Amino acid sequence: MVNGFVTEQAFLSDGKTALPIYHYSILDSTNAEAKRRGTAKSAVILADRQTAGRGRLGRQFFSEGGIYTSIILPAESLSFSPMLLTSAAAFAVCRAVRAAGFDAKIKWVNDILLDGKKICGILAEAMSGENGISGFVVGIGINIGNPDFPSELADIAGTLPLSNAEKEVLLHAIIQGFFDALAMPPREMLAYCAEQSAVIGKKVRFFGAKEGVGRALGLSCEGGLTVLTDEGTVTLTGGEISLRVE
Ligand code: BTN
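Residues numbered from 1 in each chain as written. Predicted model: local features only at pLDDT ≥ 70, side-chain atom pairs only at ≥ 80, totals over all residues. Heavy atoms only, no water.

Another aspect to go through is the nonpolar core. Counting residues in hydrophobic clusters, the biggest one holds 50 residues, and the most contacted among them are Ile142, Leu160, Phe178 and Met189. The biggest single contributor to this core is helix H2 (residues 85-99), with 10 residues. Filtering out sequence-adjacent residues up to four positions away, Leu160 remains in contact with Val97, Phe102, Leu114, Ile119, Ile142, Asn143, Ile144, Gly145 and Leu170. (Core = buried A, V, L, I, M, F, W, Y, C linked by side-chain atoms within 4.5 Å. Buried < 20%, exposed > 50% of the residue type's maximum accessible area, 1.4 Å probe, protein only. Helix = DSSP H or I, 4+ residues; strand = E, 2+ residues; numbered from the N terminus. Contact = heavy atoms within 4.5 Å.)

Neighbouring the ligand are 19 residues; Ser29, Thr30, Arg54, Arg56 and Lys118 lie closest to it. For the ligand, a nitrogen atom lies 3.0 Å from a polar atom in the side chain of Thr30. Going through the elements one at a time, helix H1 (30-37), strand S4 (64-74), strand S7 (117-129) and strand S8 (132-142) are the ones with two or more residues in the shell around the ligand. Top contributing element to the shell around the ligand by residue count: S7, with 4 residues. (Near = heavy atom within 4 Å. Polar contact = N/O pair within 3.5 Å; in protein donor to acceptor, adjacent residues only side chain to side chain.)

Of all the residues in helix H4 (residues 186-195), the buried ones are Met189, Leu190, Tyr192 and Cys193. Buried residues along H4 cover an arc of 155° about the axis, so they all sit on one side. Exposed residues on H4 whose side chains face more than 90 degrees from its buried face are Arg187 and Glu195. For H4, the elements touching its buried residues are H2, strand S5 (105-107), helix H3 (164-183) and strand S10 (212-219). (Arc of directions from axis to C-beta.)

What follows concerns the packing of H2 against H3. Geometrically, a packed helix pair is captured by the angle between its two axes and the distance between the axes. The contact between H2 and H3 brings their axes to 8 Å, and the two run at 135°. Considering the angle they form, H2 stands oblique to H3. Handedness of the crossing formed by H2 with H3: right-handed. Taking contact as the criterion, the partners of Leu85, Ala88, Ala89, Phe91, Ala92, Val93, Arg95, Ala96 and Val97 in H2 are, on H3, Leu170, Ala173, Ile174, Gly177, Phe178, Asp180, Ala181 and Leu182. Broken down by class, the residue content of the contact of H2 with H3 amounts to 14 nonpolar, 1 polar and 2 charged. (Axes fitted to C-alpha atoms, helices over the stretch in contact; angles between N-to-C directions. Parallel < 35°, antiparallel > 145°, perpendicular 65-115°, else oblique. Left-handed = near helix turned anticlockwise from the far one by under 90°. Nonpolar A, V, L, I, M, F, W, Y, C, P; charged D, E, K, R; others polar.)

Now the structure itself:
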């Protein structure tokens, strides 16, 4: 690996299309680097470590020893509602982690859990150019090995016990799975996400633009979570949910 130069490629499922991988030993954030590079072409940014890994809602993302990657998508390459990008990434991570032999589940909308603990977070962001939205960056962070989690994460963060070789196989499976998801009828992709959901059928508390408690029923065609509350059915399109309902 030569920091920031293309020394690796990710082949998609057709075995022919290849995306450049810009691999760094250390970066502030792969999503930030994707934004600096812009959206001229699809590419993958990969870092072994991030010093300012970003999560949703302005949170930090602990970033030592795992997979930290961002996929750049020019707007014109997308034949898919951008609303579905996070679900497509969740599909890809869940399918790849399950293929590696672990019972991963999706916690709507951007977390992957193993034994109830978060092993992966996803952060999809729009990138703007001179004429509005020029593309999207889909960032994926996965905890791997035996990281020294800060005390506030010790009870909620999980990790995948993988060797370096297995980690590389997982990265390539995720990139392929993400582009497979984009090429698939959204209904099929969402059916898999619903099948592997850690949430559907359970009581949840939701926060953000809408707040309340109810039972998660399923996914809408835009990837929203439908929840049955005492006041009726609501569809969540953002915010957060918790499975801990007191
Ligand atoms: C979350 O859990 O809130 C989302 C976390 C997303 C983390 C990934 S790591 C790779 C990419 N670069 C970032 O700075 N964030 C995403």
